[in-house]
Amino acid sequence: MRYVPREPRDGINVSKTHALVEAGTLVAGFSLIFVLIVLVLVFMVELALLFVSPEAEARVFENWQPGDLVAVDADDRRLAEVDALTQRLARHWPDSPYRFRVAINDSEKPNAMAFPGGLIIVTTGLLDRVQSENELAFVLGHEIGHFRNRDHLRMLGRGMLLTLSLSALGDGSGAGLGLTIADLTLRGFSRRQEADADEFGLTLVHAEYGHIAESTRFFERVADEFGGDHGYYEYVATHPSPEDRIDEIRELGRQRGWSESGPPVPLQW
Amino acid sequence: MSGGQTLNLFLNIGFPIALLVFAYLIGSLIERRHFANIRKRESELRGFPVTTFERLPERWQVSSAGLVSGSIVVSLDYFKRVIAGLRAIVGGRVKTYEPLLERARREALLRMTEDARRAGYDAVINVRLETSRLANAAGNGNSTAGVEMLAFGTAVKLERR
Ligand SMILES: [Zn+2]
């Protein structure tokens, strides 16, 4: 037997596929799948909404305690006024199936959220920053708008289904890519929802005061306060950025011919 | 799109993508240079017998023998890790890992062979390769700091070949 020297050959153990081709194929394939998953989820939630009437929802969640969801500050003396303002605004939506309730969440970050059954939670950070009743009225009207369009159930349903479907992937790069794609896909849907809620909120404000003055003041102020940094600011995480909304709200007011000037109502606290 | 959303989008998507591009560029540069280096050293060692025989060929007259080994620890780059993570969902050849392990294998064999030649041996027989995974600092078994490739064998010095 003779030993024949031979150098190792390339390309036996290494695939010929270029790493970028492999990456592109996988990313494109998964993106497509995730977009489809999100669209199916959106469709399923819309389908489910057809079977749950607002009346049934209001009944089921009637006894939900806000304290079950977030830390609630029941002693805040501003609660009565926020609640009264909500009821006054809701009167302009006479066929509402909801009996609106308000709770104050003790949190520095300004935010307002809509929960099933007509529950609106506002944070102390929001109440600390609003300077007139009109500013607060538009924020509350926007949340009431979410109830009218049933967005609060949509958000909840999509969030739950998305979490469920992504949890199968663990927390690897697949889940990361999936979340990013889902987020980008849902952005288009939520933008439409927010604009619709703004429109309804503005309608309520105009019906209540006869003008829409100061409706955008709150957003102007937080845009100033948080500057370019509001990527981390919670109200923007769940709502469109203030700058975008201010322009859209003004434009809507102009189209409807609603007056932008009027005496602001001072807050009682 | 406003400043806030642009910033948000950049932090959530732009930063990981920038990291991926960076990892890919540096990682593939290192890989190309390593392969070039491996090929050069392999051609220098051409003619030095490295075999997996367990026993000496009968005609070989051995004057001395000893253990030689070569090992290398290699780590994945972020790009390979992310792409392999996607691949793991559907299965199949983990194509981004293959060149890495190929480099490790050939480098370990080279180091072993160079060790044998430096010590004055003429050949290495009974060569074995072993791989072990190094746990990361967290030690939770969820991720890997790298793999060690170990090549070892019996180096022999011949009286006459
Ligand atoms: Zn909203």
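Being a predicted model, the structure only gives us computed values, none of them experimental.

A. Representation of the overall build of chain A within the structure. When its secondary structure is counted, chain A shows ten helices and three strands. Counting from the amino terminus, helix and strand elements in chain A follow one another as α-α-α-β-β-β-α-α-α-α-α-α-α. The C-alpha radius of gyration computed for chain A amounts to 25 Å, which surpasses the reference 18 Å derived for 269 residues by more than 25%, pointing to a less compact arrangement than a globule. A buried classification covers 46% of the 269 residues belonging to chain A. In chain A, the proportion of contacts linking residues at least 24 apart, taken out of those at least 6 apart, comes to 74%.

B. The sheet that holds strand β3 (residues 119-123) of chain A, seen in detail. Residues and elements named next belong to chain A. Pairing within the open sheet is mixed, and its three strands lie in the order β1-β3-β2. The strands lining the two open edges of the sheet, one partner per strand, are β1 (101-105) and β2 (112-115). Here the average twist between neighbouring strands, direction ignored, is 25°. Across four bridges, β2 lies against β3 in antiparallel orientation. The partner of Ala-112 across the bridge, within β3, is Val-122.

C. How the structure looks around a nonpolar patch on the surface. All names here are of chain B. Residues Phe-10, Leu-11, Phe-15, Ile-17, Leu-19, Val-21, Phe-22, Leu-25, Ile-26, Ile-30 and Tyr-78 make up a contiguous nonpolar surface patch of roughly 1000 Å² in combined accessible area. Tallying contributions element by element places helix α1 (residues 3-44) first for the nonpolar patch, with ten residues. Here Leu-19 shows up in helix α1. Overall, Leu-19 belongs to the partly exposed group, its relative accessible area being 34%.

D. Highlighting the pattern of salt bridges. Residue and element names in this part refer to chain B. Considering all chains together, one arrives at 34 salt bridges over all chains under this definition. With its nearest N and O atoms 3.0 Å apart, the salt bridge here joins Arg-41 to Glu-107. With Arg-41 in helix α1 and Glu-107 in helix α3 (residues 98-118), this residue pair connects regions lying 66 residues apart in the sequence. Residue Glu-107 is classed as buried on the basis of its relative accessible area of 4%.

E. Structural context of the packing of aromatic side chains. Residue and element names in this part refer to chain A. Per the counting criterion, the structure on display carries eleven aromatic pairs over all chains. Relative to Phe-147, the ring of Phe-100 lies with its centre 5.3 Å away and its plane at 70°, an arrangement referred to as edge-to-face. Of this pair, Phe-100 sits in the loop between α3 (79-90) and β1 while Phe-147 sits in helix α5 (residues 133-149), and the two are 47 residues apart along the sequence. Phe-147 shares its class with Phe-100; the two are buried. Relative to Phe-219, the ring of Phe-218 has its centre 5.4 Å away and its plane inclined at 65°; by these criteria the two rings are edge-to-face. Residue Phe-219 is classed as buried on the basis of its relative accessible area of 1%. Ring pairs connect the aromatic residues Trp-93, Tyr-98, Phe-100, Phe-147 and Phe-200, which therefore count as one cluster.

F. Spotlight on the pairing of β3 of chain A. All names here are of chain A. Burial analysis of β3 places five of its five residues in the buried class, which makes it a mostly covered element. Where β1 meets β3, five bridges bridge the pair, whose relative direction is parallel. Each residue of the ladder has a partner; that of Val-102, found in β3, is Ile-120. The hairpin turn running from β2 into β3, its antiparallel successor, is three residues long, and Gly-117 in that turn takes a positive phi close to 85°.

G. Local environment of helix α6 (residues 151-167) of chain A. Residues and elements named next belong to chain A. Its 17 residues place the ends of α6 24 Å apart at the C-alpha level, agreeing with the 24 Å of an ideal helix rising 1.5 Å per residue. Within α6, the full set of buried residues consists of Asp-151, His-152, Leu-153, Arg-154, Gly-157, Arg-158, Leu-162 and Leu-166. Check the buried side of α6 and you find it contacts α1 (19-51), α2 (54-60), β2, α5 and α7 (173-209).

H. Region of the structure containing α3 of chain A. Residues and elements named next belong to chain A. Between the first and last C-alpha of α3 there are 16 Å, a value that for twelve residues agrees with the 16 Å anticipated at 1.5 Å per step. All of the buried residues in α3 are Glu-81, Val-82, Leu-85, Thr-86, Leu-89 and Ala-90. Looking at the buried positions of α3, the neighbouring elements they touch are β1, β3, α4 (124-129), α5 and α7.

I. Just the side chain of Glu-42 of chain B, in detail. For Glu-42 of chain B, the location among the structural elements is in helix α1. Setting aside residues up to four positions removed in sequence, Glu-42 of chain B forms contacts with Glu-7 and Pro-8 of chain A together with Arg-106 and Leu-110 of chain B.

J. View of the environment of Ser-132 of chain B. Residues and elements named next belong to chain B. Tracing the backbone through its elements, the reader meets Ser-132 in strand β2 (residues 123-135). According to the relative accessible area criterion, Ser-132 is partly exposed, its value standing at 32%. Taking C-alpha positions, Ser-132 is 11 Å from Ala-145, a pair spaced 13 residues apart along the chain. Leaving out residues up to four positions away in the same chain, Ser-132 has contacts with Gly-146, Val-147 and Glu-148.

K. Seen up close, the nonpolar core. Trp-93, Phe-100, Val-122, Leu-136, Leu-140 and Ile-144 of chain A are the most contacted members of the largest nonpolar core, which totals 38 residues. Of the residues forming this core, the biggest block, seven residues, is contributed by α5 of chain A.

L. Quick look at the packing of α1 of chain A against α7 of chain A. Residues and elements named next belong to chain A. It is the contact of α1 with α7, at a shortest axis distance of 9 Å, that shows an interaxial angle of 50°. The angle between α1 and α7 falls in the class oblique. In this structure, the crossing between α1 and α7 has a hand that is right-handed. From α1, Val-27, Phe-30, Ser-31, Phe-34, Val-35, Val-38, Leu-39 and Val-42 reach across to α7, where they touch Gly-174, Leu-177, Gly-178, Ile-181, Ala-182, Thr-185, Leu-186 and Phe-189. Residues belonging to the contact of α1 with α7 are distributed by class as follows: twelve nonpolar, four polar and no charged.

Parameters at a glance
- Residues numbered from 1 in each chain as written.
- Chains lettered and ligands numbered in written order.
- Predicted model: local features only at pLDDT ≥ 70, side-chain atom pairs only at ≥ 80, totals over all residues.
- Heavy atoms only, no water.
- Helix = DSSP H or I, 4+ residues; strand = E, 2+ residues; numbered from the N terminus.
- Rg over C-alpha atoms; globule rule 2.2 N^0.38 Å.
- Buried < 20%, exposed > 50% of the residue type's maximum accessible area, 1.4 Å probe, protein only.
- Contact = heavy atoms within 4.5 Å.
- Pairing = 2+ DSSP bridges.
- Axes fitted to C-alpha atoms, helices over the stretch in contact; angles between N-to-C directions.
- Patch = residues over 30% accessible without salt bridge, like charges linked within 9 Å, V, L, I, M, F, W, Y side chains within 5 Å.
- Areas by Shrake-Rupley, 256 points an atom, 1.4 Å probe, with all protein chains shown as cover.
- Salt bridge = Lys/Arg side-chain N within 4 Å of Asp/Glu carboxyl O.
- Phe/Tyr/Trp six-rings, centres within 6.5 Å; stacked < 30°, edge-to-face > 60°.
- Expected span 1.5 Å × (residues − 1).
- Core = buried A, V, L, I, M, F, W, Y, C linked by side-chain atoms within 4.5 Å.
- Parallel < 35°, antiparallel > 145°, perpendicular 65-115°, else oblique.
- Left-handed = near helix turned anticlockwise from the far one by under 90°.
- Nonpolar A, V, L, I, M, F, W, Y, C, P; charged D, E, K, R; others polar.

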